[in-house]
Amino acid sequence: MNLQKGRYTLGGVDLESVAERFGSPVYVYDASQIIANYKKLKGAFKGVDVKIKYACKALTNINILRLLREQGSGLDTVSIEEAKIGLKAGFAPDEILFTPNSVSFEEIEEATELGLAINIDELNTLEAFGAKYGNKIPCCIRLNPHIMAGGNTHISVGHIDSKFGISIYQLPHILRIVKHYDLKINGLHMHTGSDILDAEVFLRGANLLYNAAMEFKDLEFLDFGSGFKVKYKEGDVTTDVDDIGKQIAKSFKEFCKEYGRDLELWFEPGKYLVSDAGYLLVKVNVVKQTTSTVFAGVNSGQNHLIRPMLYDAYHHITNLSNPKGNKRIYSVVGYICESDTLGYDRKLNEVRVGDILALHNAGAYGFSMTSNYNSRLRPAEVLIRDGEAHLIRKREVLEDLLANQIDLSAGASQA
Ligand SMILES: *Cc1c(COP(=O)(O)O)cnc(C)c1O
């Protein structure tokens, strides 16, 4: 987002005019930022065969998936529905990694029939997969290296109590199953959680994976998951991707030499690719002075952006409509009947009724975590590409809320 001649623009498009044209609230994404993020990450691992599998639960609009496919990305999916959206977006089945947790074996069978790359994170499932497919269909194994990573227990998935992955301590049991069913294990995977800061944590996990990998002869890739920390506010320490890239590339090359073959190195970033490319634009409905603070009440809330309430996440806020206004302190709150504070004690250019506020870092886990709570409609989504704003999802209408409801009284009167 840039401030040019008193107007905020994104990808060359005036942001306030996006809210005027498409209405608010509205999610806006900048294609050029997503592409830049992809290229930066991809370019950080020099000398190794890196594959990026976009973790599409972060933002699942089919146009975003297509955009990343054009860049050469694959997909990481956590449900059969995500995978089917990926297929619709044009990904080949084997470019889609299916990494579910606690799904039925039927869902894994369906994924296998679709030709997806299968990632198994539970021993009984591995055994069932072996019994059904033997060595006919390869699969990847998700290991839990038990590395504590990330600042929030909701998004830290590598710890000892985590439901994700098969414990690295159960490797002997895994190997017994693999041997018994002659399973072809084509990859090993770990994803320790979001917000990993430094190369050291990655390398600790990587070393565990390298050691385990020596026990599997058919490997084609190692998948180090994600957890790249992005900047939410000034002064945030973020993952130094170039530093991680250098160190991991070096250790990976050494591993491949020891393994005897060059493998692919996979990552599955979500946030890193799309977080800073997205903004949620909301309109100020009321400015309410109370005894202790000034509330700016907006036409959105936790139904459209739940990260502040769910993860205590900080989303920077800019008043697009009054860039020259004096700074004052506000609590920006939503219209939902719950406490839904989007930003607490924020210094904003004076906020007036009707102003458009932009919530930053709304690209990842923004729209994809929206709900219809309070029977509110989901916002529209707009993609800015080559200097033009394109509507990529219509705003919901009341009929959408009623579409799947079955009105018993209507049925009774028909009978
Ligand atoms: C959510 C998830 C990711 C992406 O995490 P980010 O923090 O958004 O980069 C990657 N891999 C798996 C298996 C996930 O569940």
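A. Layout of helix α4 (residues 80-88). Residues Ile80, Glu82, Ala83 and Gly86 constitute the buried set of α4. Along α4, the residues classed as buried sweep out an arc of 160° about the axis, all on the same side. Residues of α4 that are buried sit in contact with α3 (62-71), β6 (74-77), β7 (96-98) and α5 (105-114). In the segment just after α4, Gly90 is the residue with positive phi, at about 105°.

B. Spatial organisation of the domain arrangement of the protein chain. Domain parsing of the protein chain yields domain 1 (2-24 + 275-396) and domain 2 (31-269). Distance from the C-alpha centre of domain 1 to the C-alpha centre of domain 2: 33 Å. Between domain 1 and domain 2, roughly 1,800 Å² of surface is buried when both sides are summed, and carbon and sulfur atoms account for 54% of that area. Viewed at the interface, domain 2 and domain 1 are joined by one salt bridge. The salt bridge involving Arg385 is made with Glu70; its shortest N-O contact spans 2.7 Å. Linking domain 1 with domain 2 are eleven residue pairs in polar contact (both at pLDDT 80 or more). Among the elements of the structure, α11 (307-311), β20 (380-385) and β21 (388-393) are those that each provide at least two residues to the side of domain 1 that touches domain 2.

C. Here's a closer look at the packing of helix α8 (residues 199-213) against helix α9 (residues 241-259). Two elements in contact, α8 and α9, have axes separated by 10 Å at closest approach and are oriented at 10°. With respect to α9, the element α8 is oriented roughly parallel. Crossing handedness for the pair α8 and α9: right-handed. In this structure, α8 uses Ala199, Phe202, Leu203, Tyr210 and Ala213 to contact α9, whose residues at the interface are Asp243, Ile244, Gln247, Ile248, Ser251, Phe252, Phe255 and Tyr259.

Cut-offs used in this document
- Residues numbered from 1 in each chain as written.
- Predicted model: local features only at pLDDT ≥ 70, side-chain atom pairs only at ≥ 80, totals over all residues.
- Heavy atoms only, no water.
- Buried < 20%, exposed > 50% of the residue type's maximum accessible area, 1.4 Å probe, protein only.
- Helix = DSSP H or I, 4+ residues; strand = E, 2+ residues; numbered from the N terminus.
- Arc of directions from axis to C-beta.
- Contact = heavy atoms within 4.5 Å.
- Domains from an automatic or database assignment.
- Buried area = accessible area lost by both parts, 1.4 Å probe.
- Salt bridge = Lys/Arg side-chain N within 4 Å of Asp/Glu carboxyl O.
- Polar contact = N/O pair within 3.5 Å; in protein donor to acceptor, adjacent residues only side chain to side chain.
- Axes fitted to C-alpha atoms, helices over the stretch in contact; angles between N-to-C directions.
- Parallel < 35°, antiparallel > 145°, perpendicular 65-115°, else oblique.
- Left-handed = near helix turned anticlockwise from the far one by under 90°.

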